[in-house]
Amino acid sequence: MSVSAVAHASPAGTTYTIGELAREFDLTTRAIRFYEDCGLIKPQRAGRQRVYSGRDRTRLKLTLRGKRLGLTLAEVKALVDMYESPRDTQPQLRKFLAVLGAHRAQLEQQMADLDATLAEVRAHEKEARRLLAEGERRR
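Residues numbered from 1 in each chain as written. Predicted model: local features only at pLDDT ≥ 70, side-chain atom pairs only at ≥ 80, totals over all residues. Heavy atoms only, no water.

### A closer look at the sheet that holds strand 2 (residues 44-46)
- Read from one edge of the open sheet, 3 strands run 1-3-2, paired in antiparallel fashion. The open sheet terminates on both sides in strands that have one partner only, identified here as strand 1 (15-16) and strand 2. (Pairing = 2+ DSSP bridges. Helix = DSSP H or I, 4+ residues; strand = E, 2+ residues; numbered from the N terminus.)

Structure follows, in structure tokens:
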């Protein structure tokens, strides 16, 4: 997520329908409504129809980028909300680094756990092969 991402949104006045955003980001309209319910995007209404601004489009794009990084929606929302006021980016960048650091540490722990589990599986496979070979020699 870049600090200037929200500032470089779509041209002023450009609006989108839920279907257009769904096609652009390869999402279901239900997923977009879910992000709306979470407060990540806030479309205007024209009667019963949702009208999404360039700001909403950018927030959706940043939300999806955060999800790809493995961040929770709460973490994504906190970060995206901070980028709404790009005056002083230092606190935003510090928060972003803290969130990324915690997420990296979690991923590294998961990787260590997976490595330990794989080692255990390999040891069981080796023992099972040894027992099979021993059983075949006895025949």
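Still to come is the rest of the account.
### Concerning the side chain of Asp56
- Structurally, Asp56 is set in helix 3 (residues 54-68).
- Here Asp56 falls in the buried class, since its relative accessible area comes to 2%.
- Engagement of the side chain of Asp56 in a polar contact is seen with the backbone nitrogen of Ser53, the distance being 3.0 Å.
- Not counting residues within four places of it along the chain, the set of residues in contact with Asp56 comprises Ile41, Lys42, Pro43 and Val51. (Buried < 20%, exposed > 50% of the residue type's maximum accessible area, 1.4 Å probe, protein only. Polar contact = N/O pair within 3.5 Å; in protein donor to acceptor, adjacent residues only side chain to side chain. Contact = heavy atoms within 4.5 Å.)

### Digging into the pairing of strand 3 (residues 49-53)
- Covered by surrounding structure in strand 3 are Arg50 and Tyr52 only, the residues Gln49, Val51 and Ser53 on the alternate face being uncovered.
- Across 2 bridges, the pairing between strand 1 and strand 3 is antiparallel. Looking at strand 3, one finds that Thr15 is bridged to Ser53.
- Looking at chain direction, strand 2 and strand 3 are connected through 3 bridges and run antiparallel. The residue bridging Ala46 from the neighbouring strand is Gln49, located in strand 3.
- Taken together, strand 2 and the strand that follows it, strand 3, pair antiparallel across an intervening segment of 2 residues, in which Gly47 is found at a positive phi of about 70 degrees.

### What to know about the packing of helix 1 (residues 18-25) against helix 3
- At their nearest, the axes of helix 1 and helix 3 sit 12 Å apart, and the two run at 35 degrees to each other. Taken as a pair, helix 1 and helix 3 cross one another with a handedness that is right-handed. In this structure, helix 1 contributes Leu21, Glu24 and Phe25 to the contact, and helix 3 contributes Arg57, Leu60, Lys61 and Leu64. (Axes fitted to C-alpha atoms, helices over the stretch in contact; angles between N-to-C directions. Left-handed = near helix turned anticlockwise from the far one by under 90°.)

### Considering the packing of aromatic side chains
- Taken as a whole, this structure holds 1 aromatic pair when the rule is applied.
- When the ring of Phe34 is compared with that of Tyr35, the centres are 5.9 Å apart and the planes differ by 55 degrees; the resulting orientation is tilted.
- Judged by relative accessible area, Phe34 falls into the partly exposed class, the value being 44%.
- Note on Tyr35: relative accessible area 4%, which makes it buried. (Phe/Tyr/Trp six-rings, centres within 6.5 Å; stacked < 30°, edge-to-face > 60°.)

### A few points about the side chain of Arg59
- For Arg59, the position within the fold is in helix 3.
- A relative accessible area of 1% means that Arg59 is categorised as buried.
- Within polar-contact distance, the side chain of Arg59 engages the side chain of Asp81 at 2.7 Å.
- Apart from the residues within four sequence positions on either side, Arg59 is in contact with Gly39, Leu40, Ile41, Val80, Asp81 and Glu84.

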